[in-house]
Amino acid sequence: MLWTTNSYPSPPNLYNKMCGIAGQFNFQRREPVERETIVRMARSIAHRGPDDEGFFIAGPVGLGFRRLSIIDLAGGHQPMSNSEGTVWIIFNGEIYNYKELRAELQSKGHQFRTNSDTEVIIHGYEEWGTDVLNHLNGMFGLAIWDVQKERLILARDAMGIKLIYYKIDNGTLTFGSEIRAILAAQESRPDVDPTALNLFLRFRYTPSPLTIFQGIRKLASGTMLVVEKGQCREERWYKFIPTPFPTPKKKEEAVCELLELYRGAVKRHLLSDVPVGVLLSGGLDSGLLLALMNEQGGPWPAYTIGYGESFEDDELTDAAVTASLLGARHVKVKLDQTEFERALPKIVECLEEPIATSSIVPMYFVSQRARQDVKVALIGQGPDELFGGYTRHLGIHYGNWWRGLPAGLRSMAGFAVNRLPRNETLKRGVRSLSAADRLKRYQDVFSLAPSETIDRLFREDVLPDRDRHDLVEYWDALRPQMEHTDELGGFQLLEIRSSLPDELLMYGDKLSMAHSLEVRVPYLDRTVVEYVQRLGANLKVRNGTRKWLHRQICQGYLSPRILKGKKRGFAANVVDQWFRSSLNGALREVLLDESSLMFGLLNPRPVRRLLEGHQSGRQDNHKLLFSLVMLEQWLRRSGSRQERLISAAQEGMDAVRLAS
């Protein structure tokens, strides 16, 4: 049986660019999927696409789609097929080079019915098979159903800007843009995965392919899941190996080339027939982004989160200077500590998995405000990871100098550092940079605390194998891509493949789409990333200055005040300050209350010792304590969320029956 429907009539030329996808494939028993299940899954992520929905159901395969309308092009409703109906696709994202690919495919004899990038992927698959993914420059989470080969392909874009979650159980694959789509397809709530929880407490996020839920996985950036002939295989399709330029780039040449790549990326990312804005912090990256946007038009609305003049770290003043200089309409979004504490549980629910990064709070509120005016916003994510913008990059870059010191001198210095009160970041750096294995060294730099400290937080019977929760295990397949990189470049490659997609980009996608706002990331255009990965470390960190080459471009666009400003997150330092003060109030009680849900998995005693060490001033444990608070908030919200999903699922089934 084949069934397709458009529940809401679409205008004839409406083309989706950002949405949510969901589906099922009974790949072993070949039983027909249930129509009600696919509808329920799609409607659980209606916030990702409030404008329209569509379905394709054919025997053991069901695909569901939700749409947020951005660009007015011809005939882009999904699920979409080729003219013969032998290839079907559901696609969440944006392909920025689709016009070039369309021309190339037309030269090979392909005939198009629409002007959409979705159809370009279909014809690309017909021409190149799964290698079509290597031709795409964009952000995407997609599913392709090949009718003749009875093959389903799930794929996540090279940079991991969009997400794909999936579960394989009893011969059935269930997948979606968000975890809630998978939860909507099952009757019971899955258990917490202890290994994933251990990794979360070490790194503040759950790295792919794991999720916090037992049995639910997420595709890593640049990977795909292929299901055919009753079998599933997960493999990396994006295998770019950065190799240094044959002749090292000089400053003038690199500045000129990089600026042109920036300009091309921004121009592509501005493609839209609805209002576009920019999320503007008080720093370099979003300021340069706004300046480059001005070369393509404007004026643009610019949205900044702030906390009032009493906060030394407030970004509003610096952002206002940039907005004024560049002629943007500056929209200020103010947040206070009461609102922070009140909103935290709701933000945790939007994320679906615990993320212990304080910038989630400002991201949620600035997205909420921007959506009142625009459907699309550009954000300056990426240069910190590409050019070495964090303190840890200095440690990595100069780590060879440290390892070259005599062992006795390193031991003495390490002993002195470990006796310092607080300064946990410095202590971690000294400890991690001595590791001989490259991946182990990088892993320890990422860690909030040593593995033994995290292991001791767990109850004795919880962790199945205390030796099997290292990121190195998941990173090992990336060693070939690091073959030609220097020390800093290797670390940055892992950031681009792991922490960036599974932490920063993950919460950026979830918190913006919670408000039906599409966020685009021009600095992570493949042309930019692959160019920068071939540059030597001397163009990224020079004489202790981070993001050196990026700053050379910024000098031509931004005021000296912004150029000389200190490094700040998305006003995250203020949120850190609020959290520290909250540890004396309600959030402190969460950590001390032995009836807290986390203590079904963790031991209250070591948690209490972490809090005591922090409050005494001997240690700075606020990041790990914040992770524990986020875990407890997530445990409390995930239970109530599951009850709401079951209720919403029943309502969805009733609606489908009434419509039948």
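What counts and what doesn't
- Residues numbered from 1 in each chain as written.
- Predicted model: local features only at pLDDT ≥ 70, side-chain atom pairs only at ≥ 80, totals over all residues.
- Heavy atoms only, no water.
- Helix = DSSP H or I, 4+ residues; strand = E, 2+ residues; numbered from the N terminus.
- Buried < 20%, exposed > 50% of the residue type's maximum accessible area, 1.4 Å probe, protein only.
- Contact = heavy atoms within 4.5 Å.
- Pairing = 2+ DSSP bridges.
- Axes fitted to C-alpha atoms, helices over the stretch in contact; angles between N-to-C directions.
- Parallel < 35°, antiparallel > 145°, perpendicular 65-115°, else oblique.
- Nonpolar A, V, L, I, M, F, W, Y, C, P; charged D, E, K, R; others polar.
- Patch = residues over 30% accessible without salt bridge, like charges linked within 9 Å, V, L, I, M, F, W, Y side chains within 5 Å.
- Areas by Shrake-Rupley, 256 points an atom, 1.4 Å probe, with all protein chains shown as cover.
- Salt bridge = Lys/Arg side-chain N within 4 Å of Asp/Glu carboxyl O.
- Lys, Arg positive; Asp, Glu negative; His and termini not counted.
- Charge placed at Lys NZ, Arg CZ, Asp CG, Glu CD.
- Phe/Tyr/Trp six-rings, centres within 6.5 Å; stacked < 30°, edge-to-face > 60°.
- Lys NZ or Arg CZ within 6 Å of the ring centre and 35° of its normal.
- pLDDT = per-residue confidence, 0-100.

Caption draft 1: Region of interest: the overall build of the chain. In terms of helices and strands, the chain carries 27 helices and 18 strands. The buried share among the 660 residues of the chain stands at 62%. Put simply, of all contacts in the chain between residues at least 6 apart along the chain, 74% involve residues at least 24 apart.

Caption draft 2: Molecular detail of the sheet that holds strand β13 (residues 231-236). An order of β5-β6-β7-β8-β12-β13 is seen for the six strands of this open sheet, with the pairing classed as antiparallel. At either end of the open sheet lies a strand with only one pairing partner, and these are β5 (80-81) and β13. As judged from the two bridges shared by β5 and strand β6 (residues 87-95), these two strands associate in the antiparallel manner. Across the sheet, residue Met 80 finds its bridge partner in β6, namely Ile 89. Against the sheet, helix α3 (residues 117-128) touches β5, β6, β7 (138-146) and β8 (151-156), its axis set at about 125° to β6.

Caption draft 3: A look at the packing of helix α7 (residues 251-269) against helix α8 (residues 284-294). The interhelical angle for the contact between α7 and α8, taken along N-to-C directions, is 70°, at an axis separation of 9 Å. Regarding the angle of α7 to α8, the classification is roughly perpendicular. Contacts between α7 and α8 involve Leu 259, Tyr 262, Arg 263 and Val 266 from the former and Leu 288, Leu 289, Leu 292 and Met 293 from the latter. Looking at the contact of α7 with α8 residue by residue, the classes come out as seven nonpolar, no polar and one charged.

Caption draft 4: Focus on α8. For α8, a buried count of 10 out of 11 residues is recorded, marking the element as mostly surrounded by other parts of the structure. Residues Leu 284, Asp 285, Ser 286, Gly 287, Leu 288, Leu 289, Leu 290, Ala 291, Leu 292 and Met 293 constitute the buried set of α8.

Caption draft 5: Spatial organisation of a negative patch on the surface. A cluster of like negative charges, contributed by Glu 84, Glu 104, Glu 126 and Glu 127, occupies part of the molecular surface. Take Glu 127: its relative accessible area is 33%, and that puts it in the partly exposed class.

Caption draft 6: Representation of helix α1 (residues 35-44) in the model. Most of α1 is tucked away: seven of the 10 residues are buried. Within α1, the full set of buried residues consists of Thr 37, Ile 38, Val 39, Arg 40, Met 41, Ala 42 and Ser 44.

Caption draft 7: Representation of the sheet that holds strand β16 (residues 329-334). Here we have five strands laid out as an open sheet, ordered β16-β15-β14-β17-β18, and parallel in their pairing. Here the strands that pair on one side only, and so sit at the sheet edges, are β16 and β18 (518-520). Neighbour to neighbour, the strand axes of the sheet diverge by 30° on average, direction disregarded. Here strand β15 (residues 301-306) runs beside β16; their pairing, made up of six bridges, is parallel. Directly across from Thr 304, in β16, lies its bridge partner Lys 332.

Caption draft 8: Representation of the packing of aromatic side chains. In total, this model carries 13 aromatic pairs according to the counting rule given. For the ring pair Phe 245 and Tyr 531, a centre distance of 5.3 Å and an interplane angle of 55° mean the geometry is tilted. Linking Phe 245 in the loop between β13 and α7 with Tyr 531 in helix α21 (residues 526-532), this pair joins segments that are 286 residues apart in sequence. What makes Tyr 531 buried here is its relative accessible area of 10%. The rings of Phe 140, Trp 237, Tyr 238 and Phe 240 are connected pair by pair, giving a single aromatic cluster. The residue whose ring lies beneath Arg 534 is Phe 245, and the NZ or CZ to ring-centre distance is 4.1 Å.

Caption draft 9: Broad picture of the pattern of salt bridges. Taken as a whole and judged by the stated rule, the model has 40 salt bridges. Residue Asp 285 pairs with Lys 547 through a salt bridge whose shortest N-O separation is 3.0 Å. Separated by 262 residues along the polypeptide, Asp 285 in helix α8 and Lys 547 in the loop between α21 and α22 (548-554) bring together distant segments of the chain. For Asp 318, the salt bridge is made with Arg 561, and the minimal N-O distance between the two is 2.8 Å. Here the residue Asp 318 occupies a position in helix α9 (residues 316-325), and Arg 561 occupies one in helix α23 (residues 560-563), the gap between them amounting to 243 residues. A network of salt bridges, in which partner residues are shared, links Arg 48, Lys 162, Glu 178, Arg 180, Glu 352, Asp 509 and Lys 510.

Caption draft 10: Representation of the confidence of the model for the chain in the model. When the pLDDT values of the chain are averaged, the result is 85; 82% of them are 70 or greater. Every residue in residues 1-17 scores below 50 in pLDDT, and together they form 60 contacts with partners more than four places removed in sequence or on other chains.

Caption draft 11: Just the pairing of strand β12 (residues 223-228), in detail. In terms of residue burial, β12 counts as a mostly covered element, since six of its six residues are buried. With burial as the criterion, each face of β12 is covered, one bearing Thr 223, Leu 225 and Val 227 and the other bearing Met 224, Val 226 and Glu 228. Direction of pairing for β8 relative to β12: antiparallel, over a ladder of four bridges. Residue Ala 155 lies in a different strand from β12, and its bridge partner there is Met 224. Pairing analysis gives six bridges linking β12 to β13, with the strands arranged antiparallel. The partner of Leu 225 across the bridge, within β13, is Glu 234. Between the antiparallel neighbours β12 and β13 lie two residues, among them Lys 229 with a positive phi of about 55°.

Caption draft 12: Representation of the environment of His 77 within the structure. Tracing the sequence through the fold places His 77 in the loop between β4 (61-71) and β5. When its relative accessible area of 18% is taken as the criterion, His 77 is described as buried. Each C-alpha atom of the pair His 77 and Phe 65 lies 9.4 Å from the other, and the pair is 12 residues apart in sequence.

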